[in-house]
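# Structural characterization, general
Residues per chain are reported as follows:
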Amino acid sequence: MGVGRSYCVALVGLNGYIVEVEADIGQTLPNFIILGLPDAALNEAKERIRSAARNSGIPLSRRKITANLIPASLPKRGSGFDLAITMAVLRAADDIREIGGTVFIAELGLDGRLRPVRGILPAVMAAVQAGYPDIVVAEANAAEASLVPGAKVRGYKTLARLAFDFGADPKDLALDYDPLDVDEPGEDSDDALIVPDLCDVSGQGEARRALEVAAAGGHHMLLTGPPGAGKTMLAERLPGLLPDLADTAAMEVTAIHSLAAVQSSPVRLLRRPPFENPHHSATAAAIVGGGSGLPRPGAASRAHRGVLFLDEAPEYERRVLDALRQPLESGELVIHRSAGTAAYPARFQLVLAANPCPCGKASGKGMDCTCTAMMRRRYFGRISGPLLDRVDIQLQVERVSLADFGHAGEEEDTHTVAERVLAARQRQLERLLAMGLETNSQVPGRTLRGELRLSPGTTRILDTALERGTLTARGYDRVLRLAWTLADLGHCDAPDIDHIGQALGLRQAAAAT
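Described below are features of the structure shown in this document. Everything quoted here is computed from the prediction, not taken from an experiment.

### A word on unusual backbone geometry
Cis geometry marks the peptide bond from I70 to P71; its omega dihedral reads 5 degrees. Along the polypeptide, P71 turns up in the loop between β4 (64–70) and α3 (82–92). A positive phi is found at R305, a non-glycine position, where the angle reads about 70 degrees. Relative to the elements of secondary structure, R305 occurs in the loop between α12 (299–302) and β12 (307–310).

Now the structure itself:
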């Protein structure tokens, strides 16, 4: 007997690392030891592996078995190492032939079936990038694993069938066992989702226009107004205006959802931008990610390349809202815990919705409002100034009038507006692709004041606002980004003074009320 070797993948955030699994069978009393910083779920693999191998007709040696996961300093989590450890042990006992560079990722059931694990997509991506294209997974994970270009995926239902294909003696193998209750991935509902249509929103012409601008340039929004004005309806219709995701973005989004396991295992790339709407009682860990051990992705990462909608924003804890300031600037969340550091992409569009006061009646003349000035200030003050400064569009949404209902059904639908958004995005891509950017919201301030610099006459109103202190340097750049988006929607080569004025109005509308 020698040392058996196989390979698996350890995930730290969305980053995967190849793990070499060594197995040695000693000459002492029966024991099973797993080395290499395993967590509790991985330590429990010893009993799962023994039972699965016995019930598959290929029992493990009754001597001391030592499994070492290399690199030993990298924390290993979860049950996805079960199959790799089993194959290494079987190879050490000469029960199967040489494994080569095949990567095994699956959990084992006690009856010998291979069960799916979450995070299979980023794991397979990491294996292929590291030069290990031969992948063995549970049959229920095979469709998702096959999404990765270059991966040679084989899916199996049982350990017995896998061992047979790797040269095990078929005499005692339970090859006839065909489990009927293996977890199967659900139908991909990406195309089956009913997308809310923009024509359902009555009136609100200014808000609809602001929504179009936000979709075209990837800008963040704050919608302030009384209850029932349509803030939530507008936010829910923003994803429908966004174009489908390109291949790279779709792979990122699908990998995050695979790791987060927020739905059934994807069987194809998620092409539509995601929409996350957490409740206002959500904790910081639920929004930005976290948890015990290595941190898991939160709603902000699950909304990557899509929309994160925070309804009743002042009801969130202030520290939860302020935790979003860093990803709004960098497009990434880096979470540090004692067990390690995980980095997740989080380039989302933030949409905040808020009432003007606790009772919600302070809009318009505010005659029915029962809140004091201090109550209003304290309520809206829960959204910090630095966070608001990062929100490009700040709009006051007024009540819907009876006249608006009279024109129901005459408003533009989502498809019509989405076509204009797509055309504007194409103009941005042609202008920004050489800089490695996609939308106006990503353009750095240095570029706005350099290659894309406008004439002093065009930016005079902004220069005055900056001099008077009514606009910060960050706000100055964000107004310029808005102006470029308005120019793209208007098929103009560059913003003019009217675009600057419109952009400044979109940013200061809510603050002025």
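### What about the sheet that holds strand β11 (residues 275–276)?
The pairing of strands in a sheet happens through backbone hydrogen bonds and is either parallel or antiparallel. On the basis of which strands lie adjacent, the open sheet formed by 5 strands has the order β11-β12-β15-β10-β16 and parallel pairing. What marks the edges here is a single partner per strand, and that holds for β11 and β16 (393–396). The pairing of β11 with β12 spans 2 bridges and is classified as parallel. Across the sheet, the residue bridging to E276 is L308, located in β12.

### Thoughts on the pattern of salt bridges
Scanning all chains against the criterion turns up 32 salt bridges. Across the pair R48 and D82 runs a salt bridge whose closest N-O atoms are separated by 2.7 Å. Within this pair, whereas R48 is found in helix α2 (residues 45–55), its partner D82 is found in helix α3, the two being separated by 34 residues in sequence. Pair check on accessibility: R48 and D82 agree, each one buried. When the shortest N-O distance is used, the salt bridge between R420 and E212 registers 2.9 Å. Of this pair, R420 sits in helix α18 (residues 414–432) while E212 sits in helix α7 (residues 205–217), and the two are 208 residues apart along the sequence.

### Structural notes on the side chain of T459
Along the chain, T459 falls in the loop between α19 (445–448) and α20 (460–468). Accessibility expressed as a relative area gives 6% for T459, which makes it buried. Not counting the four nearest positions on each side in its chain, T459 is found in contact with L454, Y476 and L480.

### What to know about the packing of α20 against helix α21 (residues 473–489)
It is the contact of α20 with α21, at a shortest axis distance of 10 Å, that shows an interaxial angle of 165 degrees. Our classification of the angle between α20 and α21 gives roughly antiparallel. Along this stretch, α20 crosses α21, giving a crossing that reads as right-handed. Within the contact between the two elements, α20 uses L462, D463 and L466 and α21 uses A473, Y476, V479 and L480. Classifying every residue of the contact of α20 with α21 by side-chain character gives 6 nonpolar, no polar and 1 charged.

### Thoughts on the packing of aromatic side chains
Across all of its chains, the model carries 3 aromatic pairs by this definition. Ring centres of Y7 and Y132 lie 5.1 Å apart, and the angle between their planes is 45 degrees; on these two criteria the pair is classed as tilted. Here the residue Y7 occupies a position in strand β1 (residues 4–12), and Y132 occupies one in the loop between α4 (120–129) and β8 (134–138), the gap between them amounting to 125 residues. Arranged with centres 6.2 Å apart and planes meeting at 25 degrees, the rings of F275 and F309 form a pair that is stacked. Of this pair, F275 sits in strand β11 while F309 sits in strand β12, placing them 34 residues apart in sequence. The exposure class assigned to F275 is partly exposed, which follows from its relative accessible area of 29%.

Rules and cut-offs
Residues numbered from 1 in each chain as written. Predicted model: local features only at pLDDT ≥ 70, side-chain atom pairs only at ≥ 80, totals over all residues. Heavy atoms only, no water. Helix = DSSP H or I, 4+ residues; strand = E, 2+ residues; numbered from the N terminus. Pairing = 2+ DSSP bridges. Salt bridge = Lys/Arg side-chain N within 4 Å of Asp/Glu carboxyl O. Buried < 20%, exposed > 50% of the residue type's maximum accessible area, 1.4 Å probe, protein only. Contact = heavy atoms within 4.5 Å. Axes fitted to C-alpha atoms, helices over the stretch in contact; angles between N-to-C directions. Parallel < 35°, antiparallel > 145°, perpendicular 65-115°, else oblique. Left-handed = near helix turned anticlockwise from the far one by under 90°. Nonpolar A, V, L, I, M, F, W, Y, C, P; charged D, E, K, R; others polar. Phe/Tyr/Trp six-rings, centres within 6.5 Å; stacked < 30°, edge-to-face > 60°.

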